[in-house]
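# Coordinate analysis (summary)
Now for the letters of each chain:
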Amino acid sequence: MDTIITSKDLQNHLDDFRNSQKSIGLVPTMGYLHDGHLSLIRKAKSENDAVVTTIFVNPLQFSETEDLDIYPKDIEKDTFLASDSGSDFLFTPTYEEMFCDDLLTTVSVQELSSVLEGASRPTHFSGVATIVAKLFNIVGVCSAYFGEKDWQQLQVIKRMAQDLSYRVEIKGCPIVREKDGLAMSSRNVYLTNDQRKEASNIPESLWKAHEKIKNGERQSTVIKGIISERLDRSSMIDIDYVELVNGENLTITDEIDELTRVLVAVRVGTTRLIDNMNALEGINL
Ligand code: PAF
């Protein structure tokens, strides 16, 4: 695996690949790779001739009160893991490489960005869309792989790619979970042992809700109630939102159908955790 730090250098390598009709898979990350990221790299490798993994902790998607300064990093381990999972290139641009000047241009995907996560993080998705747009422009024609844990992010990126006619195929990949069901996230490392134990209530609440749906319940309010009741049992968990939405346009749904996505966001101490499932399919615990 080659580690590359400039866009020009990456483009030169990728042009060579494309000139010999080889396909490229892109896995954008902020590093501190876990099995969720590695599953994206493996999937990209199984579907493409070459895989580019990017690591860039994007300041645009953090608000002033968020964890940009302490965001976990381990570039040596990431380099080993990315290579071991089949990545051909690791793109690790510096801040200056990505933003040689203050940005005067940003990308924002209206409506999808202001609800759910966007309600408490109003600038977050414009930060994500802007950096992902830059990566798409640097990498060019490719398939790009994103985890379904960040369901709203996936919908924002899909819509951006469609609206701006990117020649990038967006591929959503299933959530990878810890043994007790907690969705893998680089931020899980912030949890104390006690908080980590309590965090397993999040997937359990989704599992319980899905049991009810399997038994025929179709009213969103009932399902929201089951999840909230389960999460409220833990004094360490503060609910930000529990919502049932249309999984594509993210509008609130009263009745469950095959497109319904159940989304949960909580705080465990100071750590914000999110999870989600398709209402009819549920989650694997
Ligand atoms: O999901 C992430 O890790 C980030 O939001 C992304 C897509 C790499 C953009 O910075």
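Before any of the text, the structure's been laid out above.
All of the points below concern the structure found in this document. Remember, it's a predicted structure, so these values are computed and weren't measured experimentally.

Within the structure shown, the criterion is met by 19 salt bridges. Measuring nitrogen to oxygen at the nearest pair gives 3.2 Å for the salt bridge that ties E47 to K171. Within this pair, whereas E47 is found in helix α2 (residues 35-47), its partner K171 is found in strand β6 (residues 168-173), the two being separated by 124 residues in sequence. According to the relative accessible area criterion, E47 is partly exposed, its value standing at 33%. What makes K171 partly exposed here is its relative accessible area of 23%. Across the salt bridge formed by R187 and D67, the nearest N and O atoms sit 2.9 Å from each other.

With that settled, consider the nonpolar core. By size, the foremost hydrophobic cluster in this structure holds 45 residues, and its most contacted members are L10, V52, V132, F136, F146, M160 and I170. At 10 residues, the largest contribution of residues to this core is made by helix α6 (residues 124-139). Setting aside anything within four residues of it in sequence, one finds V52 in contact with L10, L14, I24, G25, L26, V27, S87, F89 and F91. By size, the runner-up hydrophobic cluster in this structure holds 22 residues, among which are I237, L244, I256 and V262.

This next bit is on the sheet that holds strand β8 (residues 260-268). Within the open sheet, the 3 strands sit side by side as β7-β8-β9. Their pairing is antiparallel. Of all strands in the sheet, those bounded by a partner on one side alone are β7 (237-246) and β9 (271-278). Neighbouring strand axes in the sheet, compared pairwise and without regard to direction, differ in orientation by 15° on average. Examined bridge by bridge, β8 and β9 share 8 bridges and lie antiparallel to one another. Pairing of L263 across the sheet is with N276, part of β9. Helix α10 (residues 220-232) rests against β7 and β8 of the sheet, and its axis sits at about 160° to β7.

The rules behind each value
Residues numbered from 1 in each chain as written. Predicted model: local features only at pLDDT ≥ 70, side-chain atom pairs only at ≥ 80, totals over all residues. Heavy atoms only, no water. Salt bridge = Lys/Arg side-chain N within 4 Å of Asp/Glu carboxyl O. Helix = DSSP H or I, 4+ residues; strand = E, 2+ residues; numbered from the N terminus. Buried < 20%, exposed > 50% of the residue type's maximum accessible area, 1.4 Å probe, protein only. Core = buried A, V, L, I, M, F, W, Y, C linked by side-chain atoms within 4.5 Å. Contact = heavy atoms within 4.5 Å. Pairing = 2+ DSSP bridges. Axes fitted to C-alpha atoms, helices over the stretch in contact; angles between N-to-C directions.

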